[in-house]
Each structure stands twice: as C-alpha cells, then as structure tokens.
Amino acid sequence: MDEDNLEDEEFFLNENADLATRYSKMANDSLLWGPYRSSLYFGIRPRLPRSLLSGLMWFSMDDYNGVGKIRHFYEQHDNMKHANWVSYDPRIGGRQIIDDHECHVKLTFDFVKSADGHSWGVKIRSDPHPGYENVKISFVWYSGLEGEDKKSPSKNQRSGYLNIENKRNVLGYEGVVTLFGISEELGAFDLKINDGPKTNKHPKGNSSHPELDPSKSHHYSLTVPDDNVWKAKEIFVTMLQESVKKLVEELNGIETIPPENLYILRDLNDFEGNLHFVQKIYQGKCEFDVVYTNSMSPRTEIITFENINEKSQQILVQFDIKFKEHFQLSPPFTNSPKHQKFGKEVLSGLLGGISYFYGDHLVDRDTVFDEDSFESHDLHGQLEGPHELFTLVPSRPFFPRGFLWDEGFHLLPLLNYDSDLVLDITKSWMNLIDSDGWIAREQILGPESRSRVPVEFQVQSPQIVNPPTLTLALTYLLDKIHGYGDLSEPIIIDDQLNRENLGRFVLHHPDVLTNYTREVYPKLQAHFEMFRRTQQGYIDEFDRGTNPEAYRWRGRTVTHCLASGLDDYPRALPADVAELNVDLLSWIGIMSRSMGMMAEILGIEKDVVKYKKIEADIVENLEKLHWSEEKKTYCDVSVNEDDEDIHVCHKGYISLFPFLTKLIPEDHVEKLGAIIDLIADAEELWTEFGIRSLSKSDEMYKTGEDYWRSPIWININYLILESIQYYHAQSATHMSSELREKFAKTYHDLRLNLVNNIVDQWEKTGFIWEQYNDETGSAQGAKNFLGWSSAVLLMMKMPENL
C-alpha cells in the first residue's frame, strides 16, 4: 500500500473522525461495485462515470447455429425458464439463477464482495438439463477500461491501462488468465479467471489448427473508444467472423471443423488495448471463477479462488437472516416455504435491478406544444449532460432505464430494509432537477441506454412531467423517522461500525435526513412550482370560481397521456384545452402535503401555512370540480358545446385517485362508501385476481392498445389496499358498522386474491410480470418486472385482517 493510501486509511480510523463521516465512507464503499449493468444477464461495474466494465456472454457449441444466439443483453424474447436474482443484497452480493431453455443449461452466479467493498469475485456454475449432459458451451468473459482515452484534451494526464499479465500465446492459455490494470479512481487492480476444478471437461474437437484447441482459454484484446465497451457482443462477433472467414478461405469450407473449434476467437492481429475477451469452452457440468482484487483491499478481506465458496455461502445465510428480520410475512403466508422463497426472490430481483447510468440524453427545449393540437409532437432533441443516475429499473429485459414515476414505488419495499439506500437513490434523482425544477420522466443516459429505446421515445420535453412518486417515498421516510410512523426495528448504531449495520443509519440519526431535506428543499420547491406553473388548468376562462388549484396534463394526444403514467387510459373526447384531470390534482395534493411536512420539520412556518392552504384548496376543488353526484365517483372535467363544465367519468383507477392519495376528508363517509362499492363490484372493478384498471361497464374497456384499459397493475392495487386500511382506521368513528365491515372484507379478499395470483403465475411462468389479465389472471406485458410489481412483498407483510 502506498503512502497516500496509508494516510487515507489512518484518517478513516482516526478516533477524531466523526461517526457520520466514517459511516458514510463505509456505506459508499459497500455500494461501489455491483451488477449495475442490469440490462445484461450478468454485468459488473463500479459507481464511477467511466471505469472498468465487465460482463459475461455464452452460447451453445453443439451446432453451427448456437453462435447466432449469443446471450449478453437480457432480452424479453429469449427462451428462459427463469432468470433472476434469488438471494441478493447490493452491499454484500448474492446469487442469480438463469435457466436457459435453448442452451439447455442452468447457470448459477454467486457474486461476492470483500468486506471493504473494493474487491469482488463471482463463481459461474453451469448444470446441463437432463438429456443434455454433454452439452458444449462457450463462455466469454470481457472487461474493458474506459476513461483513459489520452486523445481527450481533458484527460491528457491520465495514464490508466488494462493489460494481460500472462505471456502472450496465440495457441491459448492453461490455468489462470490474469489481467492487470491501473486507473485514476480505482488505483491498481488485477482480475483473474481460473479454469475451475479438475472435474471440468473440455470438448476435444477435431482440428489440425493448434490455435483452435477448446481445452485452453483464448484471449483477444483491442482498443475501443469510451462509451463503446457495451458493444462487446458486436465486437466479439465481428472478430469471430474475421477468424471464420480466414479459415474458410484456407480450407475451402468449414465442414470438417466442429463448432467447438470453428468458433474460437483467434488472436490474429496481436492487438493490445483497453478491451479484453477471455473465451472458455466446456462440455457438460462445469464451473469457473473470476476474481477482482483491488490493491487497497486488506489481504485478509479479499476474495480468492480458495475462499469464494465459503464466502458465497456466508452471504446467502446473511441474506436469509436479514430478510426474515425485515419481512415478517403475515398469515396465511407466515410459515409457507413457497411464499418465503417467493418473497426473497421478489426483493432480490428488485435490488438486482439497481443500475448506475452515466451519459448524455436528448432534450427538446425549443418545441412549444400547440394548446389546440392533440396530435403527437415531433421532437428534435439536443444532447445535454452528461448526467449520472443511481436507480432501480422497472424490468431488466424490457425497461432497463430510469423511470421517474416508477421510482417512488420501487423504493417503498426498501424503506425499512435499507433506508440509507433509499436516500442514496432519492439523492441521485434529486440531483437531476434542473434550474426550472424539471426532471425528465425517462432517464435514457448514454448510447447504451439509447440503444434499448425506440427512436420515437428517446427525446424528452420539459413540457412533459410525471407523477411525483419520489416525493411520496421521501414523505414516507420522513414520516417514519420523525415520529409519525412506527419504527419497529430499533437498531443501536454506535462507534462499533460493521457491515451488519449498514443501511439503517438514517433511521436512527434523523438529523442526517433533516440536513438532506434542508439541502434539497429549494430544489423540491422549484419542482413543485414547475408542476403548478406548467400544468395549470383554465379557471377564469370557464367561470370555475376563484380557487386556482385545478390542473391539466400537458402533451396528451387523443389516444395517450404519457405524462400521467396511465398512457392509454381513456380521457375526454373530443379533447379540449378546458380539460381538468383529477389524478393530476391528486398528485399535486400529495406534493403540497409533502412540502408542508418538510417545511414543518425544517421550522419554516410561513411555508407550512402556504402548503396547508394549497392542500386545503386542492381538497375543496376535488369535491367541487371533480366529484360527480350523478355517477357517485370522481371524474375528469371538460366542457360541452356551450363551454359549460361536464364530468367525463371513465370509472377505474382515475376515479380512485383522491382515495389513493388520502385526500378525501375522513368524515365524507358517503364518498368513501361509493368508492368501496366501486372497488368491490364485479361488474365494475372487482376481479378474483385484483382490481382492474378500467370498469367492465366502460365503453372503452379492452379497446385499442388495452394497456391501462382492463389489466391489473400491482402498484395501484397496493395503494388501494393501503388506503382501505387507512380509512378503515381513520374514519372509524364516522362509519357505520356495515361500512366498516365492507372495508374489512374487501381488504381481506383483495389482498389474498392479489398475492395468490401473482405467486401462482410466478410458479407457472418463472417470472413476476408487468400486469395481469383481469379475466384469467394470466401474466402479461414485460417479464421480470421487479419494479413496482414488487409491492406484492408489502402486501404479504400487511395484516391479514383489519
């Protein structure tokens, strides 16, 4: 260890360093490395803008067609029986299982992190399916070091590199292949790949070319510019095609060369660059290890080929213990091994979707939406940034990027489990608030992220907002920490810092969250005022009174309102600038309540008064403008030919928003009764599998795209359950015994229906899904949707009965 590193270590251990500083360093280090390239089946990177990116590819060598189905990016259409983290915590590591139907193998990845967080290892194990015991699989590990491009004027002093340490051998390598590197942020490190135990078998092949020996590891290196390592699959295939082409020219055909020889990447060019491929070919059951060691890690803490098995088992035990501490399932799931296994996979899959993104994104700040036009807008973006984001993703195979309105829901299951991680992610999002208070609703940062998004959705407009669920999550955290909620897991964190305490510092040091709130409060104010300014509805123009709190989603078309997050949910037709949206008013009500709570905690009395007044005005207009006495529900508002207000009532999730956001006064029992009747009516919203998004009686039910026009969505169903629970308690003195009983029965049956169906579909398909069919309960939409569908975990924790 050099003198600078020794000084850093001495500072960290210095008894005069305050607790928060020491904890912060330990917590940040614990999250430095991870499978943060979550759009890959397995990809490792640090939380650093441009650094060391690694990943694994594999393909079958049983025939000549397998190479055309290389596994790299996690794709929705890949034929997988199962592909998810089953035990995983981002601070320690865990296990991912991928059951590949087409390659006929079940892969197990055990990812382990050193105690100091700076080093890691992964064991990759392959078990053939029955009947395919001799399956031949090629594994390709790659690592590429970015951020060391000396051609960039701002980096002309950088001297990082990544080289192979083994003596170059075009015939291949036996034993361990070692890469050695140095970078400004990581310091010195090495990455070693072994060949696994002696029980591993390699195919023998049939070739007179010694450089095509499948029993050896093969290495290839070349130089690629920054922001290009993610193209590893395309680069590998291109180089492999070059090798095959030369063999064809030499042999006038390839019929005599088996796939396990033909598809070996040969080192034809003697390149030495920043991207390295190491290819290995096995036959039948096999395993091998990859170990990354940072020179700063104490020798006693690093991962080695000798201790990786033991450490991976320790991590699985740690995860089980932590899961049981934080997710004590309520009856009837308490003692069910199936539900325990399911719950652990839901949590692991959610956490396994944590990603780190860095790069520029496309923004159109010039196009002004025509108020009278409800057609799609042709946006022309300019690159802005770069920005960085630490976030959870909705679905690794389908939506591997940050979504603003999804993120608040993502964080809810983690509030007790790792509140510090929740704050970390929230901070990352808050840092994206621009000078106008805007955050792009989709975070598509860098060329890799853009490659996974259709061109028409890549450009973001500041005129489009998104439901502020991050404010909701932050409010839940503030509520819990500042005594409004129940802190049921007291943990004493003192000077004896250790890995077991990581993640719970904020819960027991409210001043940390208070100080953070004080820092971001001006940004959140700007965000709040941006909402009210840009989404303001017309009041005076249509004689709607003096209360200004009425809003309309901007940017909606005749068929879609992407800003609302409810995409194709039916809205007023014909579309009119006079429209007012009940869900948007409800969201702004939640924001005003959250801002008021923050102002109260920070002791800013004038703001407390201001936000309470706004909230009161919103509650007033929800009743005055949006409640339909005729339909007994909340509705959007538009105007008729005489410019008189009319209610546009498409009963469904929109109708429930004042209830879901708890903005219905507790003594408005008639409205609460109408809401529970709507929810519990099988001819309207009730199904045996959950609450459908649009009423069965609506003329738009199951029409068009049918994305939010019938399916069951888990995030909204969670809010329904929670709101039933809330009003059953808060409105108890106002409700009749019959109404309270209806609330209780609806809650009990809905919770069971949701959990049972989601678990049944998981057993049937191997995945958790984006949505569920309201008639059959069948899973549909994006698979491995461990975003807000993970709210099922909270449902299993909720009490069985009210």
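Residues numbered from 1 in each chain as written. Predicted model: local features only at pLDDT ≥ 70, side-chain atom pairs only at ≥ 80, totals over all residues. Heavy atoms only, no water.

If you check an unreviewed UniProt entry, the protein chain appears there as Mannosyl-oligosaccharide glucosidase from [Candida] subhashii. What UniProt states about the protein chain under its Pathway (unreviewed entry) heading is, verbatim, "Glycan metabolism; N-glycan degradation." (UniProt positions renumbered as here; feature names shortened; annotations may be inferred.)

**What about the overall build of the protein chain?**
Within the protein chain, the secondary structure is distributed over 19 helices and 26 strands. For 802 residues, the compact-globule estimate of 2.2 N^0.38 gives 28 Å, and the protein chain sits close to it at 28 Å. Summarising its shape, the C-alpha atoms of the protein chain cover approximately 85 × 65 × 55 Å along the three principal directions. Out of the 802 residues belonging to the protein chain, those deemed buried represent 62%. Total accessible area computed for the protein chain in this model is approximately 30800 Å², and 49% of it derives from carbon and sulfur atoms. Taken together, the 82 basic and 127 acidic charged side chains of the protein chain have centroids lying 5 Å from each other. (Helix = DSSP H or I, 4+ residues; strand = E, 2+ residues; numbered from the N terminus. Rg over C-alpha atoms; globule rule 2.2 N^0.38 Å. Buried < 20%, exposed > 50% of the residue type's maximum accessible area, 1.4 Å probe, protein only. Areas by Shrake-Rupley, 256 points an atom, 1.4 Å probe, with all protein chains shown as cover. Lys, Arg positive; Asp, Glu negative; His and termini not counted. Charge placed at Lys NZ, Arg CZ, Asp CG, Glu CD.)

**Quick notes on the packing of aromatic side chains**
Counted by the stated rule, this structure contains 50 aromatic pairs. Look at Phe111 and Trp120: their rings are 6.1 Å apart centre to centre, the planes differ by 50°, and that puts the pair in the tilted class. Ring geometry for Tyr726 against Tyr727: centres 5.0 Å apart, planes inclined by 85°, an arrangement best described as edge-to-face. Classification of Tyr727 as buried rests on a relative accessible area of 0%. Residue placement shows Lys671 over the ring face of Trp627; its charged tip is 5.2 Å from the ring centre. (Phe/Tyr/Trp six-rings, centres within 6.5 Å; stacked < 30°, edge-to-face > 60°. Lys NZ or Arg CZ within 6 Å of the ring centre and 35° of its normal.)

**A word on the state of the cysteines**
Enumeration over the complete set of coordinates arrives at one disulfide. One disulfide bridge connects Cys635 with Cys649, the sulfur atoms lying 2.0 Å from each other. Looking down the S-S bond of the Cys635 and Cys649 bridge, the torsion is 95°, so its handedness is right-handed. Pair noted here: Cys635 is in the loop between β20 (633-634) and β21 (636-639) and Cys649 is in the loop between β22 (645-648) and α15 (653-660), with a separation of 14 residues, a long-range link. Here Cys286 stays free of any disulfide, with the sulfur of Cys103 as its closest cysteine sulfur at 12 Å. (Disulfide = S-S within 2.5 Å.)

**Digging into unusual backbone geometry**
Following Gly385, the chain continues into Pro386 via a peptide bond in cis, with omega recorded as 10°. Residue Pro574 is bonded to the preceding Leu573 through a cis peptide linkage, with omega at 0°. Within the chain, His104 stands out as a residue other than glycine whose phi angle is a positive 65°. On the secondary structure map, His104 appears in the loop between β5 (93-100) and β6 (105-113). Positive phi, close to 60°, is recorded for Lys662, a residue that is not glycine. Mapping Lys662 onto the fold places it in the loop between α15 and α16 (669-680). We classify Lys662 as buried; its relative accessible area is 16%.

**A look at the sheet that holds strand β12 (residues 218-222)**
Strand order in this open sheet of six strands is β1-β2-β3-β8-β13-β12, and the pairing throughout is antiparallel. Each having just a single partner strand, β1 (33-34) and β12 make up the two edges of the open sheet. Where strand β3 (residues 52-60) meets strand β8 (residues 136-145), nine bridges bridge the pair, whose relative direction is antiparallel. Following the sheet pairing, Leu56 is matched in β8 by Trp141. Sitting on the sheet, helix α3 (residues 232-251) is in contact with β3, β8, β12 and β13 (275-283), with an inclination near 70° to β13. (Pairing = 2+ DSSP bridges. Contact = heavy atoms within 4.5 Å. Axes fitted to C-alpha atoms, helices over the stretch in contact; angles between N-to-C directions.)

**Focus on the packing of helix α10 (residues 469-481) against helix α13 (residues 582-602)**
Interhelical geometry of α10 versus α13 gives an angle of 40° and a closest axis separation of 9 Å. Between α10 and α13 lies a crossing whose hand is left-handed. The segment α10 lies against α13, with Thr469, Thr471, Leu472, Leu474, Thr475, Leu478 and Asp479 engaging Trp587, Ile590, Met591, Ser594, Met597, Met598 and Ile601. Partitioned by chemical class, the residues of the contact of α10 with α13 number nine nonpolar, four polar and one charged. (Left-handed = near helix turned anticlockwise from the far one by under 90°. Nonpolar A, V, L, I, M, F, W, Y, C, P; charged D, E, K, R; others polar.)

**Observations regarding the sheet that holds β5**
Taken together, eight strands build an open sheet; the order of strands is β4-β5-β6-β7-β14-β11-β10-β9 and the sheet is antiparallel. Of all strands in the sheet, those bounded by a partner on one side alone are β4 (80-89) and β9 (161-164). The mean inter-strand angle of the sheet, taken between neighbouring strand axes irrespective of direction, is 10°. Two strands pair when backbone bridges link them, and β4 and β5 are joined in this way by eight bridges, in the antiparallel orientation. Opposite Asp89, over in β5, you have Gly93 as the bridge partner. Lying on the sheet, helix α5 (residues 308-326) is in contact with β4, β5, β6, β7 (120-128) and β14 (286-294); it crosses β6 at an angle near 85°.

**Considering the nonpolar core**
In this structure, Trp58, Trp120, Phe139, Trp141, Phe659 and Trp708 are the most contacted members of the largest nonpolar core, which totals 188 residues. Ranked by residue count, the leading element in this core is α13, at twelve residues. When residues no more than four places from it in sequence are discounted, the contact partners of Trp120 are Trp33, Ile44, Phe111, Val112, Lys113, Trp141, Leu191, Val290, Val291, Tyr292 and Ile303. (Core = buried A, V, L, I, M, F, W, Y, C linked by side-chain atoms within 4.5 Å.)

**Quick word on the pattern of salt bridges**
A complete count under the given rule lists 53 salt bridges for this structure. The partner of Arg571 in a salt bridge is Asp583, and the shortest N-O contact between them spans 2.9 Å. In this pair, Arg571 is assigned in the loop between α12 (510-534) and α13 and Asp583 in helix α13, connecting sequence segments twelve residues apart. A residue is classified by how much of its surface remains accessible, and Asp583, at 0% relative accessible area, is buried. What emerges from the salt-bridge pattern is a single network uniting Lys69, Arg71, Asp78, Asp100 and Glu102. (Salt bridge = Lys/Arg side-chain N within 4 Å of Asp/Glu carboxyl O.)

**Description of the environment of Glu184**
Within the secondary structure layout, Glu184 lies in the loop between β10 (177-183) and β11 (187-193). Accessibility expressed as a relative area gives 59% for Glu184, which makes it exposed. Sequence-wise, Glu184 and Trp587 are 403 residues apart; in three dimensions their C-alpha atoms are separated by 44 Å.

**Section: a negative patch on the surface**
A surface patch of like charges, here negative, comprises Glu641, Asp642, Asp643 and Glu644. For Asp642, a relative accessible area of 61% puts it in the exposed group. (Patch = residues over 30% accessible without salt bridge, like charges linked within 9 Å, V, L, I, M, F, W, Y side chains within 5 Å.)

**Side note on helix α6 (residues 337-351)**
With 15 residues, α6 extends 21 Å between its outermost C-alpha atoms, agreeing within 8% with the 21 Å of an ideal straight helix rising 1.5 Å per residue. α6 sits mainly inside the fold: twelve of its 15 residues count as buried. Listed as buried for α6 are His339, Gln340, Phe342, Gly343, Lys344, Glu345, Val346, Leu347, Ser348, Gly349, Leu350 and Leu351. (Expected span 1.5 Å × (residues − 1).)

**Remarks on the side chain of Thr178**
Mapping Thr178 onto the fold places it in strand β10. Here Thr178 falls in the buried class, since its relative accessible area comes to 8%. Ignoring sequence-local partners within four residues, the contact set of Thr178 consists of Asn163, Ile164, Glu165, Asn166, Asp190, Leu191 and Lys192.

**Some remarks on the side chain of Asp424**
Mapped onto the elements, Asp424 comes out in helix α8 (residues 419-430). Not counting the four nearest positions on each side in its chain, Asp424 is found in contact with Asn28, Leu31, Arg47 and Phe390.

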